[in-house]
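# Understanding the architecture of this molecule
The lines below spell out each chain.
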Amino acid sequence: MKPEDIISKGECVYKKPSLLTDANMHYCPGCSHGVVHKLIAEVIEEMGMEDKAVGVSPVGCAVFAYNYIDVDWVQAAHGRAPSVATALKRLNPENLVFTYQGDGDLAAIGTCETIHAANRGENIAIIFINNAIYGMTGGQMAPTTLLGMKTATTPYGRRVDLNGHPLVMAPLMAQLDGTCYVTRQSVHTPGAVRKAKAAIRKAFENSMAGKGTSMVEIVSTCNSGWKLTPAQANEWMVEHMFKKYPLGDLKNE
Amino acid sequence: MKDEIIIAGFGGQGVLSMGKILAYSGLMENKEVTWLPSYGPEQRGGTANVTVILSDERISSPILDSYDVAVVLNQQSLDKFEPKVKPGGVLIYDSYGINRIPTRTDITVYRVDAMDATFEMQNTKAFNMLVLGALLKVRPMVTVESVLKGLKKTLPERHHNLLPMNEEALRRGMELVNS
Amino acid sequence: MESEIRLMKGNEALAHAMIRYGADGYFGYPITPQSEVLETLEAEMPWETTGMVVLQAESEVAAINMVYAGAGCGKAVCTSSSSPGMSLMQEGVSYIAAAELPALLINCMRGGPGLGTIQPSQADYFQTTKGGGHGDYHLIALAPSSVQEMCDFVALGWDLAFKYRNPAIILADGIVGQMMEKVVLPEQRSRRTQEEVRKQCPWAVTGKKNRKRNVITSLELEAPAMEKINNHLQAKYKEIEANEVRYEALNTEDCDYLLVAFGSMARICEKVMELARKQGLKAGLLRPITLWPFPAAAIAEAAKKAKGILVVELSAGQMIEDVKLAVNCNVEVRHYGRLGGVVPNPDEVLDALKGMIK
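What follows concerns the sheet that holds strand β1 (residues 4-9) of chain C. Here we have 9 strands laid out as an open sheet, ordered β7(B)-β6(B)-β5(B)-β4(B)-β1(B)-β3(B)-β2(B)-β8(C)-β1(C), and mixed in their pairing. Single-partner strands in this sheet number two, and they are β7 (177-178) of chain B together with β1 of chain C. Bridge analysis of β1 of chain C against strand β8 (residues 180-185) of chain C gives 6 bridges, and the strand direction is antiparallel. Within β8 of chain C, the position partnered with Met8 of chain C by the bridge is Glu181 of chain C. Of the strands in this sheet, β4 (67-72), β5 (85-94), β6 (108-112) and β7 of chain B touch helix α4 (residues 127-138) of chain B, which is tilted by about 145 degrees from β5 of chain B.

Written out as structure tokens, the structure is:
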């Protein structure tokens, strides 16, 4: 007996987006990546852009995003996703081009490319996963790591004198003339997920409308890196991360 | 026929563009041509030189040890390139600011007072065309017609009103040659 | 535009050749002595005529990654730089080779190491032919020695790049870039339509219309699978080595002494050969046009009767290693080179050649 045999169509209130592949995700249980992937797949599907979407995956945990969302992808060198997206969009303006980048990719090694692509007003959408830690390489300090936060490379907590301040990207991006939409969202509650989805849709629509660069920062958890349970990680994020990285639109033109 | 030429002087004297006009004139006559400047900071104010080769056959090296013709427009260039003229070759120099005149006797030396002429003409821009006129008088490697044809092709339309002035300078330069 | 005879710099010829090839994009960053490439493209405004994209990137790093993406969507894209800028690009070059993308790269070499000089050099031979970036890969390396070849190798480079899905590089130097010569520009080719791109490059990321999704990546975490990918690359390189060796041989049949030089140095050596022959010294010249694949067999053949080989490079001796391997130490191989941007005169090379006579 298949599920279809016992579920009538009228009763279906939720299903996996058809653009999410059946591949088992490698993300840790509790990680925000899976939710954001699903939202992107849903938005592309709802916009009817399956045949025109091209994603750019980063170096970091999300490097394998191309295994999970069933559209064309380019895997970019560390930090270079905005450059890659720039050329993809300029050469094929009819494509929906988005990058999916973590905090190391976007705010450390790729800060230059991020700022310049946005400053040129490239018609791309940047999805920025900020979990304040390097997940894939084993929990080292990220540029966005909070002061006092313990990581593999700040074992006694991040210190200003040793490590500098957390880098807050969204206001930087918002002040650039080339950006049209900069927002901070989260996916830790059903309400937050709905808002994040709307933000992603807006960013994608902006890029197709030729309005310039949009960045959707998703303040995220990394419960493995943070060494917390998924539930604890959500609570810790609300208590600490949201203070430094408050949710909401910074720019919406 | 092959002419291996060095043109040297101060940056801003029109050394490179004179070489370019010469090369373009060669092109108008279906010759093989190369034009190789000394490039970089030297372009801005210091000394500048350009090697131009016009030939009926394939040109090998664009870089040379010795030249059939040296056109030198300041003392430094005269000192540097006088020894590098092939025996039997030609050296043309502008006398302005020259305190040591060429001494070689196995080459033919021509003086051209082009800088002085530009003062008379009240047109310093004509300088390199005067010198080019002198060069073509001494060694008619390309025709005046080819030079003018080349100029017309390379100058943007809005500068075509300058063509008569260039032709006049070219012909004036031919009269300035002193051996 | 029809075929046309023009007088222009090598760097300018590169730009015109790109437009006339029907190129889709150029991404670059200014650096002496090759800035005329970007300057010429910006002045020609091909986006108004052919639709070619031209972009001054924020760095060489960004530029090479734009090329990676452009080639990834099946477009004919190019970047150019000079030595220090090429060093910055090497990570991207490795990615392009690994993902088997048909990009065209241009290095107009200047004197190094470090920031070095802006004068001509050939000291990036190792970087170009032996890797440069990480991993086992090869670029198809073309070495132009005239402005005409600067023009012609744009089309040749892209044709080979698309044929083998492998990056090709034009390895020029400051002399060939800055020198003006007569050049016959080819007639304008039209850019491929998107349908033609999809047909020619079914692997390209253009949006997954009517097919499964395409992914441009060089990542494979399973070592045995990565070995398989490497073996596939190596098989392709063997094929290129078998089919694409190019060189020019002058007076090699009867020469006692063989000059081996590429690019601008080959031009100087051609003069040296002429001077030597006038003085009764039977010199020949073999000019590798492809530096990879290297014309080893041709050099071995030309060296059979030779008493000595002089390799002339604007470096401390890089290509000489490949020449020595080619002749298997059966004949004396010496090197003559000037460093850091200094260019030798024909006379001093001739003296070095005469110094080989026993």
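Residues and elements named next belong to chain A. Under the definition given, this model contains 12 aromatic pairs over all chains. Centroid distance Trp73 to Phe98: 5.3 Å. Interplanar angle 80 degrees. Geometry classified as edge-to-face. Taken as a pair, Trp73 in strand β2 (residues 72-75) and Phe98 in strand β3 (residues 96-102) lie far apart in primary sequence, 25 residues in all. The same class applies to Trp73 and to Phe98, which are both buried.

This part is about the confidence of the model for chain B. Model confidence for chain B is summarised by a mean pLDDT of 92, while 96% of its residues fall at 70 or above. Note on the complex model: pTM 0.94, ipTM 0.95.

Here the focus is the interface of chain B and chain C. On the side of chain C, 27 residues touch chain B, which itself brings 25 residues to the contact. Contact between chain B and chain C buries roughly 2,300 Å² in total, counting both sides, with carbon and sulfur atoms accounting for 57%. Put simply, chain B and chain C have 4 salt bridges between them. Where Arg58 of chain B meets Glu270 of chain C, a salt bridge forms, and the shortest distance between an N and an O atom there is 2.9 Å. Across the chain B-chain C interface, the total number found is 11 residue pairs in polar contact (both at pLDDT 80 or more). Within the residue set of the side of chain B that touches chain C, elements represented by two or more residues are β1 (2-10), α1 (15-28) and β2 (32-37) of chain B.

Residues and elements named next belong to chain C. Applying the stated rule across the entire model yields 48 salt bridges over all chains. Between Arg192 and Asp24 there is a salt bridge whose closest N-O contact spans 3.1 Å. Here Arg192 is found in the loop between β8 and α9 (194-200), whereas its partner Asp24 is found in the loop between α1 (10-21) and β2 (25-28), with 168 residues between them in sequence. In this pair, the class of Arg192 matches that of Asp24, namely buried. Between Arg334 and Glu332 there is a salt bridge whose closest N-O contact spans 2.7 Å.

Right, let's get into the interface of chain A and chain C. Every contact between the two is made by 38 residues of chain A and, on the other side, 34 residues of chain C. Taking both sides of the interface into account, the surface hidden between chain A and chain C amounts to around 2,800 Å²; carbon and sulfur atoms contribute 58%. For the pair chain A and chain C, the interface holds 4 salt bridges. Between Lys208 of chain C and Asp70 of chain A there is a salt bridge, and its shortest N-O distance comes to 3.1 Å. Our enumeration of links across chain A and chain C arrives at 16 residue pairs in polar contact (both at pLDDT 80 or more). If you list the elements that add at least two residues to the side of chain A that touches chain C, you get β1 (53-57), β2, α3 (81-91) and α5 (111-119) of chain A. Looking at the side of chain A that touches chain C element by element, the count peaks at 7 residues for α3 of chain A. The residue makeup of the side of chain A that touches chain C, split by class, is 18 nonpolar, 9 polar and 11 charged. Relative to strand β9 (residues 215-216) of chain C, β2 of chain A runs parallel, the two sharing 2 bridges. The residue of β9 of chain C that forms the bridge with Val74 of chain A is Ile216 of chain C.

Residues and elements named next belong to chain C. Taking 1.5 Å of rise per residue, 16 residues should cover 22 Å, and helix α5 (residues 83-98) covers 22 Å from first to last C-alpha, within 8% of that figure. Along its length, α5 reaches its greatest deviation from straightness, about 50 degrees, at Met89. Ser83, Gly85, Met86, Met89, Gln90, Gly92, Val93, Ser94, Tyr95, Ile96 and Ala97 are the residues of α5 that are buried. The first or second residue beyond α5 is Glu100, which carries a positive phi of 55 degrees.

Cut-offs and rules
- Residues numbered from 1 in each chain as written.
- Chains lettered and ligands numbered in written order.
- Predicted model: local features only at pLDDT ≥ 70, side-chain atom pairs only at ≥ 80, totals over all residues.
- Heavy atoms only, no water.
- Pairing = 2+ DSSP bridges.
- Helix = DSSP H or I, 4+ residues; strand = E, 2+ residues; numbered from the N terminus.
- Contact = heavy atoms within 4.5 Å.
- Axes fitted to C-alpha atoms, helices over the stretch in contact; angles between N-to-C directions.
- Phe/Tyr/Trp six-rings, centres within 6.5 Å; stacked < 30°, edge-to-face > 60°.
- Buried < 20%, exposed > 50% of the residue type's maximum accessible area, 1.4 Å probe, protein only.
- pLDDT = per-residue confidence, 0-100.
- Buried area = accessible area lost by both parts, 1.4 Å probe.
- Salt bridge = Lys/Arg side-chain N within 4 Å of Asp/Glu carboxyl O.
- Polar contact = N/O pair within 3.5 Å; in protein donor to acceptor, adjacent residues only side chain to side chain.
- Nonpolar A, V, L, I, M, F, W, Y, C, P; charged D, E, K, R; others polar.
- Expected span 1.5 Å × (residues − 1).
- Bend = angle between axes of the 7 residues up to and from the residue.

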